[in-house]
Amino acid sequence: MTVAGHTEKGAIGVETLHMTMRFGAFTALDDVSIRIEPGTFHALLGENGAGKSTLVKCMMGFYAATSGEMLVDGREALVPDPKAAHAMGLGMVYQHFTLVPSLTAAENLVISRTDVPNVIDWGKERTELAAFMARMPFQVPMDQPVRALAAGEKQKLEILKQLYLGRRFLILDEPTSVLTPDEADEVLGHVRQLCEAGEISVLMITHKFREVTAYADDVSVLRRGKLVGGGKVSELSHSDMAALMMGDAKLADPAPRTGIPGAPILELSGLKASDRSGLKDIVIDKLDVRGGEIVGIAGISGNGQMEMMEILTGQRPLSAGEIRVKDAPFGATRSDARLSCVRYLPEEPLQNACAPRMSVAENISFRTFDLNGKGTRFWLSGREMQGRASDLVAAFKVKTTSLDSPIQALSGGNVQRAVLARELSGDVDLLIISNPCFGLDFSAVAEIRARIMAARNGGAAVLLMSEDLDEIMELADRVMVMSEGKIAYETPISEADITQIGQFMGGHV
């Protein structure tokens, strides 16, 4: 029987029964049965590649499961496409915002309906929106363009949109990845209230154990496509959840912090450049990073970190100021980076630091393919490139079926490891990094953070830009906050207060 509609009011329960999804010979999801009770907050944990995204895409009708079924409010539900899922009251809030930046919050809500008229009666719509918002536990400025909203307000609006459209079962995909700690707690706290009030049920994909223990009632853990455990959150410790996720695998040991900072390696003074909108400037009056030190730049997405990375990689021209590396002008060319031993790990390295269709071996060889061991120009043979890549793949634990595989076939964590292998081989005096662990599972995160700390302990200066405040607090020796294209705050890690840093990140100070 196909469910044609859903309960107009109140949370709905969803259950998957023996859900299996195969892509050719590869089984991405293997006999997974989970139940999300009405009015509960259910967390879904698992490493990258564990099957979480495949499961929710089957639930939402993006994929047609190879076998298995789904029940909505106890009745069999056939979900051929997302439209059918929406008709049953199922909605999804994605990791990245899906709003139209130039439209107001009110306009984004109204145009999301399937029954929006060709000519909109805004007087009537605003009256109905006001009545809708009066029932909601959190508010968003309705007449502000979305581009002017803070990240937390955008995330609230994404959730409000689903509620406005009548969705009573929400899938949240890493909902706090772009929020400050205070914003994350506010948003998840309101979502939890809606669950407790019986308004909605929630299935949240997350990598953050703190969020699971603070907000979820139940948890399910996937590993390699199989459901390996779960239960009541109150009965499971973080160690229990980690053990279920990891199985027999072992996390990388963190590198202990050693040594003291040396002389300045990177010095920025009077930097000024246009931001990506062309309407504002990125202004860095003074910033330095010393050898054997990690300087963490915290900030919510869109506050100038992307432009700063582009400046330091030579992709965005300066209108004023100077970059110096080891007390010499630095132009960010390939030869400059080679001579000054500067290395980069940009955000989304598959797009920004790789040639996706070229092989793993070729991508790892980008720095050395035209050099011999003495640093002079010399075109390496394919055999030599393969040999060097093989050594680095083994040293950095890059999981790949073959060195000849296109690097785009690797998981996100393994792309990061491959790029780190390339960037950390040889002498490294300055390492410039942006969001190195975004979207990765916690075993890959542990490995990558250990490598970064080892580089710092080896005497490298590290500039780490990250929207993950926990990452900054774990790795940095000094913390700076970037807000509205400027450095708004600076503190040694020994004096750092996470609440105060969060307030500066959110522009509330």
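Residues numbered from 1 in each chain as written. Predicted model: local features only at pLDDT ≥ 70, side-chain atom pairs only at ≥ 80, totals over all residues. Heavy atoms only, no water.

Draft legend 1. Highlighting the overall build of the protein. For the protein, the count of helices and strands is 17 helices and 20 strands. Rg of the C-alpha trace for the protein: 24 Å, near the compact-globule value of 23 Å for 509 residues, within the 12% margin. On the principal axes, the C-alpha backbone points of the protein span a range of 70 × 50 × 45 Å. Looking at the 509 residues of the protein, the share that counts as buried comes to 52%. (Helix = DSSP H or I, 4+ residues; strand = E, 2+ residues; numbered from the N terminus. Rg over C-alpha atoms; globule rule 2.2 N^0.38 Å. Buried < 20%, exposed > 50% of the residue type's maximum accessible area, 1.4 Å probe, protein only.)

Draft legend 2. Molecular detail of the pattern of salt bridges. Enumeration over the complete set of coordinates arrives at 32 salt bridges. With a shortest N-O distance of 3.8 Å, Glu-447 and Lys-397 are connected by a salt bridge. Within this pair, whereas Glu-447 is found in helix H15 (residues 442-457), its partner Lys-397 is found in the loop between helix H13 (382-395) and helix H14 (412-423), the two being separated by 50 residues in sequence. Owing to a relative accessible area of 9%, Glu-447 belongs among the buried residues under this scheme. A salt bridge links Glu-423 to Arg-422; its shortest N-O distance comes to 2.9 Å. One network of salt bridges, with partners in common, ties together Asp-288, Arg-290, Glu-293, Arg-478 and Glu-490. (Salt bridge = Lys/Arg side-chain N within 4 Å of Asp/Glu carboxyl O.)

Draft legend 3. Here's a closer look at the domain arrangement of the protein. Split by domain assignment, the protein resolves into domain 1 (14-246), domain 2 (250-341 + 427-509) and domain 3 (355-426). Domain 1 and domain 3 are separated by 38 Å when their C-alpha centres are compared. (Domains from an automatic or database assignment.)

Draft legend 4. Quick peek at the environment of Val-202. Position of Val-202 relative to the elements: it lies in strand E8 (residues 201-205). Given the relative accessible area of 0%, Val-202 is considered buried. Taking the C-alpha atoms as reference, Val-202 lies 8.1 Å from Ala-43; in sequence the two are 159 residues apart. Those residues in contact with Val-202, other than ones at most four positions away along the chain, are Ile-36, Thr-40, Phe-41, His-42, Leu-170, Leu-172, Val-191 and Cys-195. (Contact = heavy atoms within 4.5 Å.)

Draft legend 5. Inspection of the nonpolar core at higher detail. Among the nonpolar cores identified, the biggest contains 97 residues, and Phe-41 and Val-202 are the most heavily contacted of them. Residue contributions to this core peak at seven residues, all from H15. Each residue touching Phe-41, except ones within four places of it in the same chain, is listed here: Leu-188, Val-191, Arg-192, Cys-195, Val-202, Met-204, Tyr-215, Ala-216, Asp-217 and Asp-218. (Core = buried A, V, L, I, M, F, W, Y, C linked by side-chain atoms within 4.5 Å.)

Draft legend 6. Seen up close, the pairing of strand E14 (residues 320-325). When strand E11 (residues 264-274) meets E14, the two strands line up antiparallel, connected through five bridges. Considered in E14, the bridge of Leu-266 is made with Val-325. As defined by bridge partners, E14 adjoins strand E15 (residues 328-329) across two bridges and the pair is classed as antiparallel. Across the sheet, the residue bridging to Val-325 is Ala-328, located in E15. Taken together, E14 and the strand that follows it, E15, pair antiparallel across an intervening segment of two residues, in which Lys-326 is found at a positive phi of about 55°. (Pairing = 2+ DSSP bridges.)

Draft legend 7. Molecular detail of the environment of Ser-319. Structurally, the position occupied by Ser-319 is in the loop between helix H9 (305-312) and E14. A relative accessible area of 56% means that Ser-319 is categorised as exposed. For the pair Ser-319 and Ala-273, spaced 46 residues apart in the sequence, the C-alpha separation amounts to 5.3 Å. The residues touching Ser-319, leaving out its near neighbours within four places in the chain, are Lys-272 and Ala-273.

Draft legend 8. Up close: the sheet that holds strand E5 (residues 75-77). Strand order in this open sheet of four strands is E2-E1-E4-E5, and the pairing throughout is antiparallel. The sheet is open, and its two borders are formed by strand E2 (26-36) and E5, each paired with just one other strand. Along the sheet, successive strands turn relative to each other by an average axial angle of 30°, direction set aside. Pairing geometry for strand E1 (residues 14-23) and E2, over seven bridges, is antiparallel. Residue pairing across strands places Val-14 opposite Ile-36, the latter belonging to E2. (Axes fitted to C-alpha atoms, helices over the stretch in contact; angles between N-to-C directions.)

Draft legend 9. Quick peek at the sheet that holds strand E7 (residues 169-173). The strand order E6-E7-E8-E3-E9-E10 describes an open sheet built from six strands, whose pairing is mixed. This sheet does not close on itself; its edge strands, each paired only once, are strand E6 (90-93) and strand E10 (226-232). For this sheet, the mean angle separating the axes of adjacent strands, direction not counted, is 20°. The sheet contact formed by strand E3 (residues 41-45) and E8 spans four bridges and is parallel. Of the residues in E8, the one forming a bridge with His-42 is Leu-203. Lying on the sheet, helix H6 (residues 181-196) is in contact with E3, E7 and E8; it crosses E3 at an angle near 125°. Helix H8 (residues 238-246) rests against E3, strand E9 (218-223) and E10 of the sheet, and its axis sits at about 30° to E9.

Draft legend 10. Expanded view of the packing of H14 against H15. Here H14 crosses H15 at 15°, and the two axes come no closer than 10 Å. On the basis of their axis angle, the class for H14 and H15 is roughly parallel. The interaxial crossing formed by H14 with H15 has left-handed handedness. Residue-level inspection shows Gly-413, Gln-416, Arg-417 and Leu-420 of H14 in contact with H15, the latter providing Ser-443, Ala-444, Glu-447, Ile-448 and Arg-451. Grouping the amino acids of the contact of H14 with H15 by side-chain chemistry returns three nonpolar, three polar and three charged. (Parallel < 35°, antiparallel > 145°, perpendicular 65-115°, else oblique. Left-handed = near helix turned anticlockwise from the far one by under 90°. Nonpolar A, V, L, I, M, F, W, Y, C, P; charged D, E, K, R; others polar.)

Draft legend 11. The side chain of Arg-417, seen in detail. For Arg-417, the location among the structural elements is in helix H14. Glu-447 provides the closest opposite charge to the buried, unpaired Arg-417, separated from it by 5.0 Å. Of the polar contacts made by the side chain of Arg-417, one reaches the side chain of Asn-414; its length is 3.2 Å. Among residues more than four places away in sequence, those in contact with Arg-417 are Phe-396, Lys-397, Val-398, Ser-443, Ala-444 and Glu-447. (Lys, Arg positive; Asp, Glu negative; His and termini not counted. Polar contact = N/O pair within 3.5 Å; in protein donor to acceptor, adjacent residues only side chain to side chain.)

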